[in-house]
Amino acid sequence: MLGLVENHSLTHSMPRAAAFFDLDKTVIAKSSTLTFSKSFYQGGLINRRAVLRTAYTQFVFLAGGADHDQMERMRAYLSALCRGWNVEQVKELVAETLHDLIDPIIYDEAASLIEEHHTAGRDVVIVSTSGAEVVEPIGELLGADRVVATRMVVGDDGCFTGEVEYYAYGPTKAEAVEELARSEGYDLSRCYAYSDSATDVPMLSTVGHPYAVNPDRALRREAIAREWPILDFSKPVRLKQRLPHLSAPSRPAVAAAVALGAAAATAGLVWYASRRRAAAPAV
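Reading the values: the criteria
Every chain is numbered on its own, with residues counted from 1 as its sequence reads. Given that this is a predicted model, residues contribute local features only at a pLDDT of at least 70 and side-chain atom pairs are listed and counted only at 80 or more, while totals for whole chains, interfaces and linings are drawn from all residues. Hydrogens and waters are ignored; side-chain quantities use all the structure's heavy atoms. Confidence scores here are pLDDT values: one per residue, from the predictor, ranging 0 to 100. Contact between two residues is taken to exist if any of their heavy atoms lie within 4.5 Å; hydrogens are not considered. Burial classification: accessible surface area is computed with a 1.4 Å probe over protein chains only, and a residue below 20% of its type maximum counts as buried, one above 50% as exposed, and the rest as partly exposed. Strands are runs of DSSP state E lasting at least two residues, helices are runs of H or I lasting at least four, and both sets are numbered from the N terminus onward. Here a polar contact means two N or O atoms within 3.5 Å. Within protein one must be a hydrogen donor candidate and the other an acceptor candidate, and residues neighboring in sequence count only if both atoms are side-chain atoms. Any two of the Phe, Tyr and Trp rings considered here, Trp counted by its six-membered ring, make a pair once their centres fall within 6.5 Å; the pair's planes then place it as stacked at under 30 degrees, edge-to-face at over 60, or tilted in between. To estimate the expected span of a helix, subtract one from its residue number and multiply by 1.5 Å. A residue's bend is the angle separating two fitted axes: one through the seven residues that end there, the other through the seven that start there. Here an angle of 0 to 180 degrees is reported between the N-to-C directions of two axes, which are lines fitted to C-alpha atoms, with helices fitted over the stretch in contact. When the near helix sits turned anticlockwise from the far one by under a right angle, the crossing is termed left-handed; a clockwise turn instead gives a right-handed crossing. Here the nonpolar group is Ala, Val, Leu, Ile, Met, Phe, Trp, Tyr, Cys and Pro; Asp, Glu, Lys and Arg are the charged ones; every other residue, Gly included, is treated as polar.

**Q** Describe the confidence of the model for the protein chain, and please don't skip the residues or the numbers.
**A** Overall, the prediction assigns the protein chain a mean pLDDT of 77, with 67% of residues at 70 or greater. Under a pLDDT of 50 for its full length, residues 1-12 has, in the predicted model, 42 contacts with residues more than four places off or in other chains. Every residue in residues 244-283 scores below 50 in pLDDT, and together they form 70 contacts with partners more than four places removed in sequence or on other chains.

Given below as structure tokens:
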């Protein structure tokens, strides 16, 4: 299942285009999930030791990005950490601190691109490995039309089980983009994609206009080899200062969650499971 946001006012009479944005270090200057660690501590979800560990993980992430193995370790750690968390409490904590934590770290350059794509009539889609409970409110803050994010399994008690339902990572992101193109009528040759990580090369390769943003070393090499444009974002700014209308978006960015289709979700889960088997017993 993918977390998507529908805008039913848009027509489907002609080929459309979209701009697909990775989130962490592409639109915002930090890891979206790790940024909320202090809020989760204050809400009683994690202890001080976990806060220190997430702070260190954030430092490593910012210093040099994260390769596949590091991302897998981060996924395994966060999945175990959130086991037993009440989903509604998580959503409330994110909502209460969203503007204070996320608004100041949105890149000015990314905000400008979002504005330009909307002005040009393109949808804006956030495609992130972070959890939907974090990514969907950020998508709403940015005025995104749709969101694709990782989803955790929720038990009958309303708490996370620690298992992953859908992992929006690597090739699975590319599959989500392709499925959206089919369902929404996007012409991928006219679409744009932005990311900082080499793990998103599959997603970048699906569109006609890929951009490497603050790329890690592996993506920089790939971008140079493929002659993809490289962008450097370095100026975080509050949306209400840079783009006042985006601080209270008119688009119903998290109005509804719908399925992309069983094929895309199943493909993502199969890929995720195969990666876990290949990585055992480290993960």
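Further notes follow.
**Q** How would you summarise helix α7 (residues 132-142) if you had to cite specific residues and measurements?
**A** A large share of α7 lies buried, amounting to ten of its eleven residues. Listed as buried for α7 are Ala 132, Glu 133, Val 134, Val 135, Glu 136, Pro 137, Ile 138, Gly 139, Leu 141 and Leu 142. One or two positions beyond α7, positive phi appears at Gly 143, with a value near 80 degrees.

**Q** Explain the side chain of Thr 150 to me, using residue names and the numbers behind them.
**A** Looking at the element boundaries, Thr 150 is found in strand β3 (residues 146-154). A polar contact of 2.6 Å, which involves the side chain of Thr 150, links it to the backbone oxygen of Thr 129. Sequence-distant contacts of Thr 150, defined by excluding residues within four places in its chain, comprise Ser 128, Thr 129, Ser 130, Gly 131, Ala 132, Val 164, Tyr 166, Tyr 167 and Ala 168.

**Q** An account of the packing of aromatic side chains is needed here, citing residue identities and associated values.
**A** Given two aromatic rings, one states the distance between the centres and the angle between the planes to describe the pair. Per the stated rule, a full pass over the model turns up six aromatic pairs. Between Tyr 167 and Tyr 169, the ring centres sit 5.3 Å apart and the planes meet at 20 degrees, which makes this aromatic pair stacked. Each member of the pair Tyr 167 and Tyr 169 is classed as buried. Ring centres 6.3 Å apart and planes at 10 degrees place the aromatic pair Tyr 192 and Tyr 211 in the stacked group. Remark: Tyr 211 occurs in strand β6 (residues 209-213) and Tyr 192 occurs in strand β5 (residues 192-195); sequence separation between them is 19 residues.

**Q** Explain the environment of Tyr 166 to me, and be specific about the residues and the numbers.
**A** Mapped onto the secondary structure, Tyr 166 falls in strand β4 (residues 160-166). Assessed through its relative accessible area of 1%, Tyr 166 is described here as buried. Between the C-alpha atoms of Tyr 166 and Thr 150, which are 16 residues apart in sequence, the distance is 5.4 Å.

**Q** Got a sec to walk through helix α5 (residues 87-101)? Specific residues and values, please.
**A** Spanning 15 residues, α5 covers 19 Å between terminal C-alpha atoms, matching the ideal 21 Å at 1.5 Å per step. Maximal helix bending in α5 amounts to about 35 degrees, located at Ala 95. Along α5, the positions that sit buried rather than exposed are Val 87, Val 90, Leu 93, Val 94, Thr 97 and Leu 98.

**Q** An account of the packing of α5 against α7 is requested, with residue identities and associated values reported.
**A** At a closest axis distance of 9 Å, the pairing of α5 and α7 adopts a crossing angle of 35 degrees. Where α5 crosses over α7, the two elements pack in a sense that is right-handed. Residues Val 87, Val 90, Lys 91, Val 94, Leu 98 and His 99 of α5 lie in contact with α7, whose contacting residues are Glu 133, Val 134, Pro 137, Ile 138 and Leu 141. Class assignment of the residues belonging to the contact of α5 with α7 gives a composition of eight nonpolar, one polar and two charged.

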